[in-house]
Amino acid sequence: MAVFDTPQEAFGALRPVCVQLTRAQTVENVARLQAHLAAVSASALQELQEYVLFPLRFALKVPGPKQERLVQSLVQCISSVLAATCVKKQELLQELFSELCTCLSPPSGSGRPAPLSEELKLAVIQALHTLMHSAYGDVILSLYQPSTLPLLGFAVSLLLGLAEHEKAQQIKISALKCLQVLVLQCDCQEHRHLDEDEAQQCGDLFASFLPGISITLSRVITGDIKQGHKPTVSAIRLFYLIVGSVMADAQLARIPKNKEKLPAEQSRISELMVHRGPDWSKSTAEKLSLVLHKMVEFSSVHPHWKVRLELVELVHHVLRNCSQSLVDSFSHLLKALVGLVNDENSEVQSRCNEVLQGIAEQRIVAQNRALADVLSENLHSLATALPRLMNSQDDTGKVSTLSLFLGYLKLLGPKINIVLNSTSHLHRLSKALMQVLELDVTDVKIVEDRRWGCESACRPSGSLQHGVQKGRRQKKYFRFFTEEKVLQLLQQVCRVLGYYGNLYLLVDHFMGLYGESGMYRKQAAMVLNELIAGAAGVGVDVLQEREVSLNTDDLKGSITSILDEYTDQANWYLITSIDTEEISHERSVQHSGLTPRPGACSSILLPSPELHVTTRTMNSNIWQICIQLEGVGCFAAVLGKEFRLLLLSALYPVLEKAGDKTLLISETALGTLVDICEACSYDSLQRLINENSDYLVNGISLNLRQLAHQAHASQVLDTMLRHSDASLLPLVEDVIQDVLSTLDQSYNNQASTFLRVLHSVMAALVQWFGSSCGEKHRQRQAAEWQSRTLSQGQQMVTRQEVERFFLDYVRQKQIAEGNLPDAGDEEADEIPPLAKLEPNDSATEGETSLPSHAQLAKDVMERCIHLLSDGNLRVRLKVLDVLELCVTVLHPHGNHLLPMAHRVWPALVTRLISDDPLAVLRAFKVLCTLAQKCGDFLRQRFSKDVLPKLTSSLLSQAPASARAGPVYNHTLAFKLQLAVLQGLGSLCEKLDMGESDLNKVADACLIYLSAKQPMKLQEAAQSVFLHLMHVDPDSTWLLLNEVCCPHQYEPPHTSLRPVKLSGMGRQRNEFTDNVLLLLERLQQRE
């Protein structure tokens, strides 16, 4: 169809169909007009707008009932005309607006919309929407005059009714969007922006509709969730746009005190107008607060994220425009906003954080004291309920509650001191934190885990630092929560408090709680640590910068006061073990020196006079020390190199705890030392110790002279030695000599403490010198053996040499069995080693003096000889441990080791044959080490003094172990049997035992090859025979074949007698399996 571009052409084409429609109002005529309109250009149609609309409007106004199809087609045709043209006359706009609204009007007397078809309702709503967009320039404002208030009210009520009562989602959404256009809050950018006066006038008009709009929209928002999320989102948007317009602070501030009087002819209209004065604003705000509370509660938990996102926009819009007028509603709004920070949807989270950041940057809270008061009251209420909520909610609920708590603090920002300056607020806040952070101290394992003496003696210091960094903070277990996220939120709460709050006030308050009761001490220490971190801006997440940055001197002053409190004797030396030695040390320290301040020594810290210390108390004390140690590490990280000035007071106590026997404490202290290294720019723990060794050594020396502090001084020295290198030895040598001289004067009283120091020293010497010297010694022995073997291989063996070998063998055997020709020779043989070695020893000493570490080991070994006979079993066990280390250090210096071994032998034999089983077990380990280092020097002594006792013990214990059950494996008797069997074979080999002694060993161990014995004892007995195979394979083969002989041996010639062994032809018995296994191993060797 041709397009009519000029009005004349268009008029000629449209006139017949318009006349026809005026005469007969039918759907067909409307359709014909619609078809002709498609051929008319927009400019031509604009000129003929009223002419074309006349028949359509006439058809709508014809009295009498009409078909819905006709009305719908008329409305759609009007809508298409309006979409292509602009309404430039005010009268036309108002008339069309009224006529379209009339299409939706209900029957007289009915409050509900007319029972029309959904298609018709949708068409009318769409036509209204198009009409509002087609109004030209200022023409639209003619609709927003006091005189048109009834018409606007009529349209608003119709659209609200459709939005609330209609079931069809599309009608609900269209009605809400049409309302949004009607209140001049359209999302599109086509409308011109209203100036202040125009916005004020519209606000006055819309104020009349606010009650109805807000209540209806709240019902839509909180309606059945089955309606879908789109109507809810549209309703929330319309709600905050109309409320933000009517209750805008800028508009309310310009409202005159008295209502403006309208002309007399508009007196009826004036009754409908609302005066937005202070009284109305206050009353409306109170009512809106109730509506908002209901809406926020429903929307914040809506399953669809777009509803929650629109709620964030609502809060943002209201906060930005109505921060004065709706301040009473902010309690609900901010709760919703802060609660959505941790929403499951990333878009909601992101937008929520943006809004919070915007609030902070615009200083909405900082410049609004009323809003700050609302937040502080919210905070107080939440702090009051926090312990109850943390005790009753699940982990998700706890995270939400704490997120809300943290959000309030972040929003307050610099205004947080309003809360802190209030005694009741600060008291409630601090007590809530104390209760929520209560630790679970029922785990017995914390107390049971101990650090044993040499567990890290062989570990290089570099690897230690790397290992500690992996898991620096110990995992804590709390009474009221288990989720890690909850702890992170609590840490952020404390750090935000430290960042914005008055640090002196906070530190003073929580230090008061720290000293008030043992019940709060751990929690207060945790809070203090986080406060300092927050004050320094470490790991704190805030919305805005603080107004005044913290002075470093203030921070250092607070840290110094906290450090002094942490390392006070009453708080640092706590009972952490039921070890009577440790308890006596802690009590002596706590009751010596300065008397602790009142309240510092509560029952949870100090044991009663009867030493009734529960596991719970010890667990609590362990965690308190660990938290304080973590605090020291935190303070170091905060101050950086400035912390070097505090090392004089902090390093020594931390080193004490690094040497503590409780595993958790020692690991935490090592983590703290690594923190100090990083903060103070020490590249390793070793360097930290070495560069501060002067004052550390001085402290150790002074404290070793005081009975109460000796144990802790030994722990410091132990830590220094374990984590340094040989360069430390010259620095601590004088201290060690002091220890030895003090030990000489107090063998009875403090032997156990000093032995701990000596054990640390010897373990360090083994770590530094033992392996290298031992390796050199082994290499030298191997080289000598190899050269001897080569020389023997190169020479031809003569008949005289063979004869000399057998004569020498007979003589040696006689000497070993004690068959000597006269008493003089026997006496000479009794101590042959010393007689031969003494001149050489003195000559060697004259030539070269012992290295300092070897001389130290020799001096320590001297003391061990005297202490081996101590009446205290603990002391004897420690002495044996130290003795073993001394032997290892002296190993390369045989001329000094052998005389010392001769001297220690009588006391060691006593421990082996007539002592507590624990001491026997430890003494046997020492014997094995001694034999390994001294070789055949001990052969005769071992054969005469020890071997008979060992073999008789093995023989007597065998029947008991053979008939014992699985529980026997955990007894001390079993451990002793196992240790002897595991060490006896190597002893025989190292000492090069004679034939008769080997036979005794074989006879004693043979019974342990029985299948009735525990498996571990069988395996240990097998190891003995494997060693015997190296020493005397022929005798071993014969002994085993006497028990079980798997083969028949035929003589190579008939003149020879047949070989007959006891084991031949025997039936399978309890020894068969192990004997056959050993014979197979022996055959493989050959």
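Residues numbered from 1 in each chain as written. Predicted model: local features only at pLDDT ≥ 70, side-chain atom pairs only at ≥ 80, totals over all residues. Heavy atoms only, no water.

A. Spatial organisation of the overall build of the protein. Check the secondary structure of the protein and you find 50 helices and zero strands. Across the 1086 residues of the protein, 53% fall into the buried class. For the protein, restricting intrachain contacts to residue pairs at least 6 apart in sequence, the fraction spanning at least 24 positions comes to 77%. Total accessible area computed for the protein in this model is approximately 49,900 Å², and 52% of it derives from carbon and sulfur atoms. (Helix = DSSP H or I, 4+ residues; strand = E, 2+ residues; numbered from the N terminus. Buried < 20%, exposed > 50% of the residue type's maximum accessible area, 1.4 Å probe, protein only. Contact = heavy atoms within 4.5 Å. Areas by Shrake-Rupley, 256 points an atom, 1.4 Å probe, with all protein chains shown as cover.)

B. Layout of helix α15 (residues 305-321). Taking 1.5 Å per residue, 17 residues should reach 24 Å; α15 reaches 25 Å between its end C-alpha atoms and fits that length. Every buried residue belonging to α15 is among V307, R308, L309, E310, L311, V312, L314, V315, H316, H317, V318 and L319, and all of these are buried. Structurally, α15 contributes buried residues whose contacts are with α11 (229-246), α14 (278-299), α16 (330-339), α17 (346-361) and α18 (369-392). (Expected span 1.5 Å × (residues − 1).)

C. Region of interest: the environment of L74. Inspection of the secondary structure puts L74 in helix α5 (residues 68-84). Judged by relative accessible area, which is 0%, L74 ranks as buried. The spatial distance from the C-alpha of L74 to the C-alpha of L56 is 6.0 Å, given a sequence separation of 18 residues. Not counting chain neighbours up to four residues away, the residues in contact with L74 comprise V30, L56, A59 and L60.

D. Inspection of the environment of N698 at higher detail. Among the structural elements, N698 can be located in helix α34 (residues 693-704). Of the residues examined, N698 reaches a relative accessible area of 45% and is grouped as partly exposed. Taking C-alpha positions, N698 is 9.5 Å from V732, a pair spaced 34 residues apart along the chain.

E. How the structure looks around a nonpolar patch on the surface. A contiguous nonpolar patch, built from V802, F805 and F806 and spanning about 310 Å² of accessible area, is present on the exposed surface. Assignment of secondary structure puts V802 in helix α38 (residues 799-817). (Patch = residues over 30% accessible without salt bridge, like charges linked within 9 Å, V, L, I, M, F, W, Y side chains within 5 Å. Salt bridge = Lys/Arg side-chain N within 4 Å of Asp/Glu carboxyl O.)

F. Summary view of the confidence of the model for the protein. Averaged over every residue, the pLDDT of the protein is 82; residues scoring 70 or more account for 86%. Contacts from residues 788-795, a stretch scored under 50 in pLDDT, to residues over four places away or in other chains number zero contacts. Below pLDDT 50 for its whole length, residues 823-847 participates in 19 contacts with residues either more than four positions away or in separate chains. (pLDDT = per-residue confidence, 0-100.)

G. Here's a closer look at the pattern of salt bridges. Counted under the stated rule, the structure contains 28 salt bridges. Notably, a salt bridge pairs E313 with R351, separated by 2.6 Å at the nearest N-O pair. With E313 in helix α15 and R351 in helix α17, this pair connects stretches of sequence that are 38 residues apart. Residues R903 and E862 are paired through a salt bridge, measuring 2.9 Å at the closest nitrogen-oxygen approach. One end of the pair, R903, is in helix α43 (residues 894-913); the other, E862, is in helix α41 (residues 852-867), and 41 residues separate them in sequence. With relative accessibility at 22%, the residue E862 sits in the partly exposed group. Linked through salt bridges whose partners overlap, the residues forming this network are R57, K61, E95 and E99.

H. Focus on the packing of helix α10 (residues 196-221) against α11. Two elements in contact, α10 and α11, have axes whose closest approach is 9 Å; the angle formed by their N-to-C orientations is 150 degrees. As summarised for this structure, α10 and α11 are arranged roughly antiparallel, according to the angle between their axes. α10 and α11 meet at a crossing whose hand is left-handed. Mapping the contact onto sequence places G203, F206, A207, L210, I213, S214, L217, V220 and I221 in α10 and P231, T232, A235, I236, L238, F239, I242, V243, S245 and V246 in α11. (Axes fitted to C-alpha atoms, helices over the stretch in contact; angles between N-to-C directions. Parallel < 35°, antiparallel > 145°, perpendicular 65-115°, else oblique. Left-handed = near helix turned anticlockwise from the far one by under 90°.)

I. A look at the side chain of T668. Tracing the backbone through its elements, the reader meets T668 in helix α32 (residues 663-679). When near neighbours in sequence (up to four residues on either side) are disregarded, T668 contacts Q474, C626, L629 and E630.

J. Layout of the packing of aromatic side chains. Within the structure shown, the criterion is met by nine aromatic pairs. Here a set of aromatic residues connected by ring pairs shows up, and it is made of Y514, Y566 and F635. If you follow R521 out to its NZ or CZ, it ends over the ring of Y514, 5.5 Å from the centre. (Phe/Tyr/Trp six-rings, centres within 6.5 Å; stacked < 30°, edge-to-face > 60°. Lys NZ or Arg CZ within 6 Å of the ring centre and 35° of its normal.)

K. Focus on the nonpolar core. By size, the foremost hydrophobic cluster in this structure holds 348 residues, and its most contacted members are M247, F643 and F942. Setting aside chain neighbours within four positions, we find F643 in contact with L563, V632, F635, A636, A650, I676 and C680. (Core = buried A, V, L, I, M, F, W, Y, C linked by side-chain atoms within 4.5 Å.)

L. Representation of helix α27 (residues 552-566). Between the first and last C-alpha of α27 there are 21 Å, a value that for 15 residues agrees with the 21 Å anticipated at 1.5 Å per step. Among the residues making up α27, those that are buried are L555, K556, S558, I559, I562, L563, E565 and Y566. On its buried side, α27 packs onto α25 (503-516), α26 (518-535), α28 (569-572), α30 (615-639) and α31 (647-658).

M. Geometry of the environment of T102. Tracing the sequence through the fold places T102 in helix α6 (residues 90-104). The class of T102 is partly exposed, set by a relative accessible area of 44%. The sequence separation of T102 and A155 amounts to 53 residues, and the corresponding C-alpha distance is 9.1 Å.

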